Amino acid sequence: MSMNSCHRSVTGHSVAGILYSAATFSCLGISRVSHGGANPVATQLTINGETQTVESSPDTPLLYVLRDELQLNGPRFGCGLAQCGSCSVLVDDVEMRACVTPLSAVAGREVTTLEGLPERHAQTTGLDNAPELTPIQEALVDEQAIQCGYCYNGMIIKATELLENNPSPSRAEIVTAMNGHLCRCGTYPKIITAIELAARKMGEQA
Ligand code: FES
Ligand code: FES
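A brief report on the enclosed structure follows. (Residues numbered from 1 in each chain as written. Chains lettered and ligands numbered in written order. Predicted model: local features only at pLDDT ≥ 70, side-chain atom pairs only at ≥ 80, totals over all residues.)

1. Regarding the overall build of the chain
Logical step 1: The helix and strand tally for the chain stands at eight helices and five strands.
Logical step 2: Ordered by position from the N terminus, the helices and strands of the chain form the series α-α-β-β-α-β-β-β-α-α-α-α-α.
Logical step 3: The buried share among the 206 residues of the chain stands at 37%.
Logical step 4: Across the chain, the fraction of contacts at a sequence separation of at least 24, relative to all contacts at a separation of at least 6, is 55%. (Helix = DSSP H or I, 4+ residues; strand = E, 2+ residues; numbered from the N terminus. Buried ≥ 20, exposed ≤ 12 C-beta atoms within 10 Å, placed from the backbone. Contact = placed C-beta atoms within 7 Å.)

In structure tokens:
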């Protein structure tokens, strides 16, 4: 792939907001598809409520296992350095950066990705059925808080962690909680307003 076609590919995928990382790695000549490594080991963990056995090497970043082995593409590759939050997942009840979390660190633990949040919401609130979108996702839509959407995964994961622990956060507490999540489009005020809205609606439904 020439540099020009490489640039076009990355730009196109970036606009789509879906496959940026795959395109970037492809341009660098790096494949992220296979992570068996020299010592693939069967590792059992719970993903979105289902026990799964994966085969990647124990030092493989969880993000690669989720995206490439399990085809869970909610978590996204942004910085790869635990700096942006686009890869975030919940491990048990705590937000973690999947790009720097080795598979071995989550063996036997419960991982929730963006895909599992509606079911998690139903379980934590006593709903009979999982909604299509969680209140946080609905509020982000209502506030039109998302532009390209690349940060969407991490923002929702972090906001979920926040509201599960503090159902009525102040605006200052929301700002503090979301501080480590970067939005390249700068929609921070709308994201914060959306989290306030979600907290209000969840409080009314409780
Ligand atoms: S990709 Fe993991 S924090 Fe940026
Ligand atoms: S990075 Fe584009 S909406 Fe946040």
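Moving on from the coordinates now.
2. With respect to the sheet that holds strand β2 (residues 50–54)
Logical step 1: With mixed pairing, the five strands of this open sheet are ordered in space as β2-β1-β5-β3-β4. At either margin of the open sheet sits one strand with a lone partner, and together these are β2 and β4 (94–97). Direction aside, neighbouring strands of the sheet carry axes that sit 40° apart on average.
Logical step 2: As paired elements, strand β1 (residues 43–47) and strand β5 (residues 110–112) share two bridges and run parallel to each other. (Pairing = 2+ DSSP bridges. Axes fitted to C-alpha atoms, helices over the stretch in contact; angles between N-to-C directions.)

3. Section: the nonpolar core
Logical step 1: Counting 45 residues, the largest nonpolar core has L63, A98, I156, I191 and I195 as the members making the most contacts within it.
Logical step 2: Elements with a contribution of two residues or more to this core: β1, α3 (62–69), β3 (88–91), α5 (135–142), α6 (152–165), α7 (171–177) and α8 (188–205).
Logical step 3: Broken down by element, the residue count for this core peaks at seven residues, all from α6.
Logical step 4: Viewed by domain, this core spans two of them, domain 2 (32–112) and domain 3 (116–205), each represented by three or more residues.
Logical step 5: Not counting the four nearest positions on each side in its chain, A98 is found in contact with P61, L62, L63, L66, P75, C87, S88 and V89. (Core = buried A, V, L, I, M, F, W, Y, C linked by C-beta atoms within 7 Å. Domains from an automatic or database assignment.)

4. Brief notes about α6
Logical step 1: Under the 1.5 Å per step criterion, the end-to-end length of α6 is 20 Å for 14 residues, consistent within 8% with the ideal 20 Å.
Logical step 2: Burial analysis of α6 places eleven of its 14 residues in the buried class, which makes it a mostly covered element.
Logical step 3: Those residues of α6 lying buried are Y152, N153, G154, M155, I156, I157, K158, A159, T160, L162 and L163.
Logical step 4: On its buried face, α6 is in contact with β3, β4, α4 (117–125), α5, α7 and α8. (Expected span 1.5 Å × (residues − 1).)

5. Some points on the packing of α5 against α8
Logical step 1: The N-to-C vectors of α5 and α8 enclose an angle of 130°; their axes lie 8 Å apart at closest approach. Relative to α8, α5 is oriented oblique. Considering only the axes of α5 and α8, their crossing is right-handed. Taken together, the residues of α8 that come into contact with α5 (itself represented by P135, I136, A139, L140 and D142) are A194, I195, L197, A198, K201 and M202. (Parallel < 35°, antiparallel > 145°, perpendicular 65-115°, else oblique. Left-handed = near helix turned anticlockwise from the far one by under 90°.)

6. Description of α3
Logical step 1: Counting buried residues along α3, six of its eight residues qualify, which places the element largely inside the surrounding structure.
Logical step 2: Those residues of α3 lying buried are L62, L63, Y64, V65, L66 and R67.
Logical step 3: On its buried face, α3 is in contact with β2.

7. Quick notes on unusual backbone geometry
Logical step 1: At A82, a position not held by glycine, the phi torsion is positive, near 65°.
Logical step 2: With respect to the helices and strands, the residue A82 is situated in the loop between α3 and β3.
Logical step 3: By the C-beta count within 10 Å, which is 15 here, A82 ends up partly exposed.
Logical step 4: The backbone phi angle of D92 is positive, close to 55°, even though this residue is not glycine.
Logical step 5: Summarising the element assignment, D92 is placed in the loop between β3 and β4.
Logical step 6: We classify D92 as exposed; it has 11 C-beta atoms within 10 Å.

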